[in-house]
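# Observations on chain architecture
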Protein chains: 2
Amino acid sequence: MRASPEDRDGDDEREAAAPTAGRVTGRRGPRPAGPATISSVAAAAGVSRATVSRVMNGSPSVHPELAARVRAAAEALDYEPSAAARRLALGRTGTVALVVPDLSNPLFQNVLRGLSQAAGKAGCQLLVVESDEDPEEEVVLALEARRNADGIVLASPRAPDARLRELSERLAPFVLVYREVAGLGAPSLSIDNRAGIGEIVAHLTALGHRRVAYLAGPPASAGNAERLAALRADRGLELTVLPCGSMFDHGHAAAGAVVACGASAVVGFNDMVASGVLTGLRELDVRVPGEVSVVGFDDIAFARYTSPPLTTVAIPANELGRQAWERLWALMNGESGGYNVRYQPRLLVRDSTGPAPS
Amino acid sequence: MRASPEDRDGDDEREAAAPTAGRVTGRRGPRPAGPATISSVAAAAGVSRATVSRVMNGSPSVHPELAARVRAAAEALDYEPSAAARRLALGRTGTVALVVPDLSNPLFQNVLRGLSQAAGKAGCQLLVVESDEDPEEEVVLALEARRNADGIVLASPRAPDARLRELSERLAPFVLVYREVAGLGAPSLSIDNRAGIGEIVAHLTALGHRRVAYLAGPPASAGNAERLAALRADRGLELTVLPCGSMFDHGHAAAGAVVACGASAVVGFNDMVASGVLTGLRELDVRVPGEVSVVGFDDIAFARYTSPPLTTVAIPANELGRQAWERLWALMNGESGGYNVRYQPRLLVRDSTGPAPS
DNA sequence: TTGAAAGCGCTAACAT
DNA sequence: ATGTTAGCGCTTTCAA
């Protein structure tokens, strides 16, 4: 205990005499052991604990004079209400939790940001949990987080539909982000990956591309599965699927395979692999978009600054975070979580795509 | 309803009649209102609450048979110990908090990641707070966060030294990251910005650069102040300070000013502004590093993928997060937080710097 | 308007 | 090895 740095309690007394166990902070006289509690404040102010509680919570029905006395006592004792005790008495935590598979992914960083800001604005704290991509660990962590929060948002959960359904009662209230699960009572905010791929394909075919390579994301990613499926569904394409990943380096390493497969266009699972392949291609002296076009997915902040600037589809990650808060808030107040929504990605044509070479 | 996995006692009654308000999960008969508590489990198992507590906490001193009975009862009732009650009884939260000024900054994202992983490994949860750069709000949020956590790490706090010192007692145990405060009892993990700038300057002057521009970061940033001061301290340089910011766009917008000031090299407050200026320069048809060299700071993941790849100084943001956990952990166990450490940035020479044009 | 008292659900001596 | 008994610190009827 008492790992605290202070210690050299700068008591006005220069002598710094008494090596008191407890620091002296009160107006006058030493403070009893331990931090002030509602009882000590009540005693000091000569009122009941109920009154202190009322004052601390701004109840209007307390005599101004008394209130002042209580506040003075609280101040003098450096009183801070125990959050733990309030949680227990109130039955709520004033906290929401967010579970993400990977904190290094800009997508999740952005929903984190959106959620954090929205929740913060409402005076709610945020518990962040990284599940490291492991489905079963994810579930355990989510449950654990849920116990310390009033609600939870699950971003791109890796757990199977069935598992999520059987846990829904213990997780509730919660909202799903980047994922839909049929027959689940929780609202879901997701991306229409099919539509996003559709935009990309339309753009590419309009430019005359036929042979395209897909830099596949992590197998466990539902988003990857959808994007891949959408691509496969298009019979007009001659598709080559290249195992890749989700990071810059993965894309970078895949450049060779891309040229080897002879595709005239490559679409990355996300902007990071797309940027990586961009760099890899340049190192191989392959001109983009002269010889091969590349397109990403997500529109991370960096996509505008690659060279050439990356054509990609934008998804409102931040907005998803904000919305997740709205839904969760509604749910926590016993209201409906609203309809599921599927955001439609928007194609951003920049300079990494061009006509297919003849 | 009825999300629970077990249920193996699948109530033989197929009728599943009663549309009961509460779900029926127990051995036989409906469950009382509300979630199971330690008392209900104790009653169901025919033991005392103390025994249930012991079983739930894996105390070895309980008869295996009894333990099994308790576990069965807990299972049957879907019992989950109340985290709030434990916090109160135990006097600890099992949580640490992290306060950062800006979640969109890769630097902070990386300490978040490092801290999250280290804390997670120790079974500790993480409360994340974004202070939005406002010093006074930051302090309030930090205090508030601290109440719900056993310790706190402050990343690059904007609050003045004095404020931090007067609050140190209420914040403790805590550790400082990206900032040092004299006479504060808390351990601090920081970056030697002076040394980082030193590396950059040495590199640049070796290449023959004399007139250099600095793309200044946010005025409130202590890191910016240090980097700027270090640059100014070098009398061999003809320095132009350009107000800029911390984001891509800021750097991008500053490209014009850079060429206007006639510098042969520009150092960005961080990698984002450096990347931005890189793009801006290209749009202005200024060759990098042919006509002007550019160097960044931080070595974010993207720095390797700009065009040309960015020369920058690397700082171990992730490691800072991990170390912060170690220190905090020590502090929380009454041990010493150890010596302050100042990480020495490492210069990474890539392709955005070259000889000064004659 | 204020106080008394009964919890909130769990843990930890202490006793058996 | 198990049960009894006190809390942990706050909120909230219910009376006065």
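This one's a predicted model, so the numbers in the text were calculated from it and none came from an experiment. (Residues numbered from 1 in each chain as written. Chains lettered and ligands numbered in written order. Predicted model: local features only at pLDDT ≥ 70, side-chain atom pairs only at ≥ 80, totals over all residues. Heavy atoms only, no water.)

## Regarding the relation of the copies chain A and chain B
Heads up, the condition is: When the copies are superposed, the least-squares fit takes in the C-alpha atoms of residues with a pLDDT of at least 70 in both. Should any heavy atoms of two residues lie within 4.5 Å, those residues are considered in contact.
Mapping chain A onto chain B calls for a rotation angle of 180 degrees and an axial translation of 0.1 Å; the resulting RMSD is 0.1 Å. The transformation relating the two chain copies, once decomposed into turn and shift, fits a two-fold axis. Within chain A, Leu127 of chain A has its C-alpha nearest the rotation axis, a separation of 2.2 Å. Most of the interface of chain A is mirrored in chain B, where 90% of its interface residues are also at the interface.

## A few points about the UniProt feature "domain: HTH lacI-type" (unreviewed entry) in chain A
In plain terms, the rule: UniProt positions are given in the numbering used here, feature names are shortened, and annotations may be inferred rather than shown by experiment. In DSSP terms, a helix is any run of H or I states spanning at least four residues, a strand is any run of E spanning at least two, and both are numbered starting from the N terminus.
Here the UniProt feature "domain: HTH lacI-type" (unreviewed entry) sits at residues 36-90 of chain A. Taken end to end, residues 36-90 of chain A is 69% helix and 0% strand, and its first and last C-alpha atoms sit 20 Å apart.

## Points about the pairing of strand S6 (residues 211-216) of chain B
Residue and element names in this part refer to chain B. The condition is simple: Each residue's exposure class comes from its accessible area (1.4 Å probe, protein chains only) as a fraction of the maximum for that residue type: buried when under 20%, exposed when over 50%, partly exposed otherwise. Strand pairing follows a simple DSSP-based rule, namely that at least 2 bridges must link the two strands. Look down the strands so they point away from you; if the path from the first strand over the helix to the second goes clockwise, the crossover is right-handed.
Taking burial as the measure, the six residues of S6 include five buried ones, the bulk of the element. Looking at chain direction, S6 and strand S7 (residues 238-243) are connected through six bridges and run parallel. Looking at S7, one finds that Leu215 is bridged to Leu242. The parallel pair S6 and S7, bridged by helix H9 (residues 222-233), forms a crossover whose chirality is right-handed. Bridge count between S6 and strand S8 (residues 265-268): four bridges; the pairing is parallel. Note on S8: the bridge partner recorded for Val212 is Ala265.

## Description of the protein's contact with DNA strand C
Put simply, the rule reads: The criterion for a residue being near a molecule or strand is simple. One of its heavy atoms has to lie within 4 Å of it. Identification of polar contacts relies on pairs of N or O atoms within 3.5 Å, with a donor-acceptor requirement for protein atoms, meaning one able to donate a hydrogen and the other able to accept it, and with residues adjacent in sequence counted only if both atoms are side-chain atoms. Residues are grouped as follows: nonpolar covers Ala, Val, Leu, Ile, Met, Phe, Trp, Tyr, Cys and Pro; charged covers Asp, Glu, Lys and Arg; every other residue, Gly included, is treated as polar.
Taken together, 25 residues surround DNA strand C, and among them Thr51 and His63 of chain A together with Ile38, Tyr79 and Arg86 of chain B come closest. In this structure, Asn57 of chain B approaches DNA strand C through a side-chain N or O atom, which is 3.3 Å from a phosphate oxygen. A distance of 2.6 Å is found between a phosphate oxygen of DNA strand C and a side-chain nitrogen or oxygen belonging to Arg86 of chain B. Broken down by class, the residue content of the surface near DNA strand C amounts to 13 nonpolar, eight polar and four charged.

## With respect to the sheet that holds S7 of chain B
Residues and elements named next belong to chain B. Keep this limit in mind: For every element, the axis is a line fit to its C-alpha atoms; helices are fit only across the contacting stretch, and the angle between N-to-C directions ranges from 0 to 180 degrees.
Strand order in the open sheet made by the four strands is S7-S6-S8-S9, with parallel pairing throughout. Strand pairing shows two members of the sheet lacking a second neighbour, S7 and strand S9 (293-295), which therefore form its edges. Within the sheet, the average angular offset between the axes of one strand and its neighbour, ignoring direction, is 20 degrees. On the sheet, H9 packs against S6, S7 and S8 and is oriented at approximately 165 degrees with respect to S6.

## With respect to the protein's contact with DNA strand D
As a matter of local geometry, DNA strand D sits amid 25 residues, with Ile38, Tyr79 and Arg86 of chain A together with Thr51 and His63 of chain B nearest to it. Counting only the atoms of DNA strand D that lie within 4 Å of the protein, the sugar and phosphate share comes to 64%. A distance of 2.2 Å separates a phosphate oxygen of DNA strand D from a polar atom in the backbone of Ile38 of chain A. The side chain of Tyr79 of chain A places a nitrogen or oxygen atom 2.5 Å from a phosphate oxygen of DNA strand D. Contributing elements (two or more residues each) for the surface near DNA strand D: helix H2 (49-56) and helix H4 (83-90) of chain A together with helix H2 (49-56) and helix H4 (83-90) of chain B. Its residues assigned to classes, the surface near DNA strand D comprises 13 nonpolar, eight polar and four charged.

## Examining the packing of aromatic side chains
We describe a pair of aromatic rings using the distance from one ring centre to the other and the angle between the two ring planes. Where we set the bar: Stacked, edge-to-face and tilted labels apply to pairs of Phe, Tyr and Trp rings (six-membered ring for Trp) whose centres lie within 6.5 Å, assigned for plane angles under 30 degrees, over 60, and everything in between, in that order.
The full count for this structure, using the stated rule, is nine aromatic pairs over all chains. For the pair Phe248 of chain A and Tyr305 of chain B, a centre-to-centre distance of 4.9 Å together with 20 degrees between the ring planes defines the contact as stacked. Note that Phe248 of chain A is positioned in helix H10 (residues 248-261) and Tyr305 of chain B in the loop between S9 and strand S10 (312-314), a pairing that runs across two chains. Given the relative accessible area of 8%, Phe248 of chain A is considered buried. Note on Phe302 of chain A and Phe248 of chain B: the rings are 4.8 Å apart at their centroids and 70 degrees apart in plane angle, and the pair reads as edge-to-face.

## Quick word on the packing of helix H6 (residues 135-147) of chain B against helix H7 (residues 161-171) of chain B
All names here are of chain B. Here is the rule we go by: By definition in this entry, angles of less than 35 degrees are roughly parallel, angles greater than 145 are roughly antiparallel, angles of 65 to 115 are roughly perpendicular, and the rest are oblique.
At a minimum axis distance of 11 Å, the contact between H6 and H7 shows a crossing angle of 10 degrees. In terms of their interaxial angle, H6 and H7 are classed as roughly parallel. Across from Glu136, Val139, Ala142, Leu143 and Arg146 in H6, the residues of H7 making contact are Arg163, Leu167, Arg170 and Leu171. Split by residue class, the contact of H6 with H7 holds five nonpolar, no polar and four charged.

## Some points on the layout of surface pockets
Here is the rule we go by: Site definitions follow a grid-based scheme: protein atoms alone, a 1 Å grid, a 1.4 Å probe that fits but cannot get out for cavities, and for pockets an open set with protein on both sides within 12 Å along at least five of seven lines, plus lining residues having an atom within 4 Å of a point. Grid points are joined across faces, edges and corners, and a volume is the space filled by probe spheres set on the points.
Taken as a whole, the second largest pocket holds about 1,200 Å³ of empty space. Forming the boundary of the second largest pocket are 44 residues, of which Pro106, Gln109 and Ile300 of chain A together with Pro106 and Gln109 of chain B lie nearest the centre. At the level of elements, helix H5 (106-121), H10 and helix H12 (317-332) of chain A together with helix H5 (106-121), helix H10 (248-253) and helix H13 (317-332) of chain B are the ones that each hand at least two residues to the lining of the second largest pocket. For the lining of the second largest pocket, the class distribution of residues is 24 nonpolar, eight polar and twelve charged.

## Remarks on the sheet that holds strand S3 (residues 151-155) of chain B
Strand order across the open sheet formed by twelve strands is S11(A)-S5(A)-S4(A)-S3(A)-S1(A)-S2(A)-S2(B)-S1(B)-S3(B)-S4(B)-S5(B)-S11(B), with mixed pairing between neighbours. At either end of the open sheet lies a strand with only one pairing partner, and these are strand S11 (341-343) of chain A together with strand S11 (341-343) of chain B. Geometrically, the sheet is characterised by an average inter-axis angle of 20 degrees between neighbouring strands, direction not taken into account. The sheet contact formed by strand S5 (residues 188-191) of chain A and S11 of chain A spans three bridges and is parallel.

## Digging into the interface of chain A and chain B
Selection rule: Accessible area that two parts lose when put together, evaluated with a 1.4 Å probe and summed over both, is termed the buried area. One speaks of a salt bridge when a side-chain nitrogen belonging to Lys or Arg is within 4 Å of a carboxyl oxygen belonging to Asp or Glu.
Counting residues at the interface gives 51 residues for chain A and 56 residues for chain B. Where chain A abuts chain B, roughly 4,800 Å² becomes buried across the two surfaces, and 56% of that area is made up of carbon and sulfur atoms. One salt bridge connects Arg304 of chain A with Asp249 of chain B, and the closest N-O pair in it is separated by 3.8 Å. The interface formed by chain A and chain B contains 16 residue pairs in polar contact (both at pLDDT 80 or more). Its residues assigned to classes, the side of chain A that touches chain B comprises 19 nonpolar, 16 polar and 16 charged. Sheet analysis places strand S2 (residues 125-130) of chain A next to strand S2 (residues 125-130) of chain B, joined by three bridges and oriented antiparallel. The residue bridging Val128 of chain A from the neighbouring strand is Leu126 of chain B, located in S2 of chain B.

## Re the environment of Arg87 of chain A
Tracing the backbone shows Arg87 of chain A in helix H4. Residues Arg87 of chain A and Gly46 of chain A lie 41 residues apart in sequence; the distance between their C-alpha atoms is 26 Å. Apart from the residues lying within four places of it in its own chain, the contact partners of Arg87 of chain A are Arg92, Thr93, Thr95 and Asn148 of chain A together with Ala84, Arg87 and Asn148 of chain B. In terms of polar contacts, Arg87 of chain A uses its side chain to reach the side chain of Asn148 of chain B, at 3.1 Å.

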